[in-house]
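Each chain, written out:
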Amino acid sequence: MAQHADELRSPAVAPAAIAWPEGYQAAGCLTFDLDAEAAVLTVDINSMHRMTPMTHQSYGPLVGVPRILSILANHGVRGTFFTPGYTAHRYPDVVRSIVEAGHEIAHHSYFHESTIGMSEQTEGEMIDLGLKALWDVAGVRPVGYRAPMWEMNWHTPRLLADRGFIYDSSLMDSDHPYVLAVPGSTNGTTLVEVPVWWGLDDWEQYAFLPDLIGTGVIESPAKALEMWTLELEAMHKLGAAFNLCCHPFMSGRPARAEVLDRLLDRMKSLGGTWITTVGEVASHVVSLGLTPREVVPPVLPEAAHWIATPDQPAS
Ligand SMILES: [Zn+2]
């Protein structure tokens, strides 16, 4: 039977603005992805033989994290540190220092491995290995997850809900946090999504490691501050959740860390900004009892027989 046009229609609806806790009209989260060496090793495993690129990455935990912790402490705010299990194994004292300073540790894969095309079983094993590492090193059972390179598979929300995660922060279809329906979950039935996008990532501004990562351009911290301040002000006006993603091996450099300091000044000067962790935002969203949103894959149009046929997903 011929496919009906209705079968192509997306069930997704635009997420609405949410109510914030008393006294607040928007949220501001500073998040730090502790990718360190793993982000480069997964691009080229042979980079492990290259001393200089490895030191470029180790700058993050060794120098960037203490500098960032000091800025957050000076402002009296908490951040969220998305930490690959491998980074926890390699820099246990650094990860424990983040916990001791009162910040949130969240899950960010085990080895920052690419999840594109990864089977559900392998991805589950990867998540479990990351959970074990964070527990063994820091005694932390994270409630939040961010996929490496923000790359979620359609089965990833189910893997997270089954393991008791409360939230994910990898999807890009909203300015506002929302509750994501998770079909087939055996444990929780939903996750909170605290969305992100590439414009609020320091990677696009600063990443530069010849042959390995980056666009070949190192942008001025002044440009990054301008971009992020404009976005912060606009999202504050919308009552949205500003969710900035930084990497200590990049944003931990001196002038770039200054940008974070000034951004926090601006956040504070905008009245009613709840500067907090992603986990706190997610817990608040849970308390609102919102209707879960469905987000489903595209259905391809059978009548357009000339379009390409996708590969079967790995199982
Ligand atoms: Zn990352």
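Nothing here was measured: the structure is a model prediction, and the numbers come from that model.

K.L.:
Describe the overall build of the protein, naming the residues involved and giving the relevant values.
P.N.:
Within the protein, the regular secondary structure consists of 11 helices and 11 strands. Rg of the C-alpha trace for the protein: 20 Å, near the compact-globule value of 20 Å for 315 residues, within the 12% margin. Seen through its principal axes, the protein has C-alpha atoms that stretch 65 × 50 × 40 Å. Across the 315 residues that make up the protein, the buried fraction comes to 43%. A fraction of 78% describes how many contacts in the protein between residues 6 or more apart in sequence connect residues 24 or more apart.

K.L.:
Give me the lowdown on helix α5 (residues 120-138), citing residues and values where you can.
P.N.:
For α5, spanning 19 residues, the distance from its first C-alpha to its last is 27 Å, which sits close to the expected 27 Å at 1.5 Å a residue. For α5, the full list of buried residues reads Glu123, Met126, Ile127, Gly130, Leu131, Ala133, Leu134, Val137 and Ala138. With its buried residues spanning 160° around the axis, α5 presents them on a single face. On its buried face, α5 is in contact with β2 (80-83), α3 (85-90), α4 (92-100), β3 (104-107) and α6 (156-162). The positive-phi residue at the C-terminal boundary of α5 is Gly139, with phi of around 65°.

K.L.:
Hey, could you go over helix α8 (residues 221-238) for me, with residue numbers and the actual values?
P.N.:
Look at α8: 25 Å from first C-alpha to last across 18 residues, which is about the 26 Å you get at 1.5 Å a residue. For α8, every residue scored as buried is listed here: Pro221, Ala224, Leu225, Trp228, Leu232, Met235 and His236. Angular distribution of buried residues about the axis of α8 spans 105°; they occupy a single face of the element. Those residues of α8 that are exposed and aimed more than 90 degrees away from the buried face are Ala222, Lys223, Glu226, Leu230, Ala234 and Lys237.

K.L.:
So, the pairing of β3: which residues are in play, and what are the values?
P.N.:
Every regular strand shows the same layout, with side chains that alternate between the two sheet faces. The alternating pattern of β3 places Glu104 and Ala106 on one face and Ile105 and His107 on the opposite face, and all of these are buried. Relative to β3, β2 runs parallel, the two being bridged by 4 bridges. By the bridge assignment for β3, Phe81 is matched with Ile105.

K.L.:
Help me get a handle on the environment of Ile45, residues and values and all.
P.N.:
Turning to its location among the elements, Ile45 is positioned in the loop between α1 (38-41) and α2 (51-75). Considered as a pair, Ile45 and Thr309 are 264 residues apart in the sequence and their alpha carbons are 32 Å apart.

K.L.:
Give me the lowdown on unusual backbone geometry, citing residues and values where you can.
P.N.:
Positioned with a positive phi, Ala36 is a non-glycine residue whose angle comes to about 45°. Unlike most non-glycine residues, Asp211 shows phi in positive territory, near 70°. Residue placement: Asp211 occurs in the loop between β8 (208-209) and β9 (213-214).

K.L.:
Hey, could you go over the packing of α8 against helix α10 (residues 254-269) for me, with residue numbers and the actual values?
P.N.:
The interhelical angle for the contact between α8 and α10, taken along N-to-C directions, is 25°, at an axis separation of 10 Å. One way to sum up the angle between α8 and α10 is to call them roughly parallel. Crossing hand, α8 versus α10: right-handed. Side by side, α8 and α10 meet where Pro221, Ala224, Leu225, Trp228, Thr229 and Leu232 of the first sit next to Ala255, Arg256, Glu258, Val259, Arg262, Leu263, Arg266 and Met267 of the second. Residue composition of the contact of α8 with α10, grouped by class: 9 nonpolar, 1 polar and 4 charged.

K.L.:
Residues and numbers for the pairing of strand β1 (residues 26-33), please.
P.N.:
A large share of β1 lies buried, amounting to 8 of its 8 residues. Every second residue of β1 is oriented toward a common face, with Ala26, Gly28, Leu30 and Phe32 on one face and Ala27, Cys29, Thr31 and Asp33 on the other, all of them buried. Where β1 meets strand β11 (residues 273-275), 3 bridges bridge the pair, whose relative direction is parallel. Directly across from Ala27, in β11, lies its bridge partner Trp274. Both β1 and β2 contribute to a ladder of 3 bridges, which runs parallel. Considered in β2, the bridge of Asp33 is made with Phe82.

K.L.:
Account for the environment of His236, naming residues and giving values.
P.N.:
Looking at the secondary structure, you find His236 in helix α8. Judged by the 20 C-beta atoms lying within 10 Å of it, His236 falls in the buried class. It is 39 Å that separates the C-alpha atoms of His236 and Ala5, two residues lying 231 residues apart in sequence. The contact partners of His236, leaving out residues within four places of it in the chain, are Ala26, Leu270 and Thr273.

Criteria and thresholds
- Residues numbered from 1 in each chain as written.
- Predicted model: local features only at pLDDT ≥ 70, side-chain atom pairs only at ≥ 80, totals over all residues.
- Helix = DSSP H or I, 4+ residues; strand = E, 2+ residues; numbered from the N terminus.
- Rg over C-alpha atoms; globule rule 2.2 N^0.38 Å.
- Buried ≥ 20, exposed ≤ 12 C-beta atoms within 10 Å, placed from the backbone.
- Contact = placed C-beta atoms within 7 Å.
- Expected span 1.5 Å × (residues − 1).
- Arc of directions from axis to C-beta.
- Pairing = 2+ DSSP bridges.
- Axes fitted to C-alpha atoms, helices over the stretch in contact; angles between N-to-C directions.
- Parallel < 35°, antiparallel > 145°, perpendicular 65-115°, else oblique.
- Left-handed = near helix turned anticlockwise from the far one by under 90°.
- Nonpolar A, V, L, I, M, F, W, Y, C, P; charged D, E, K, R; others polar.

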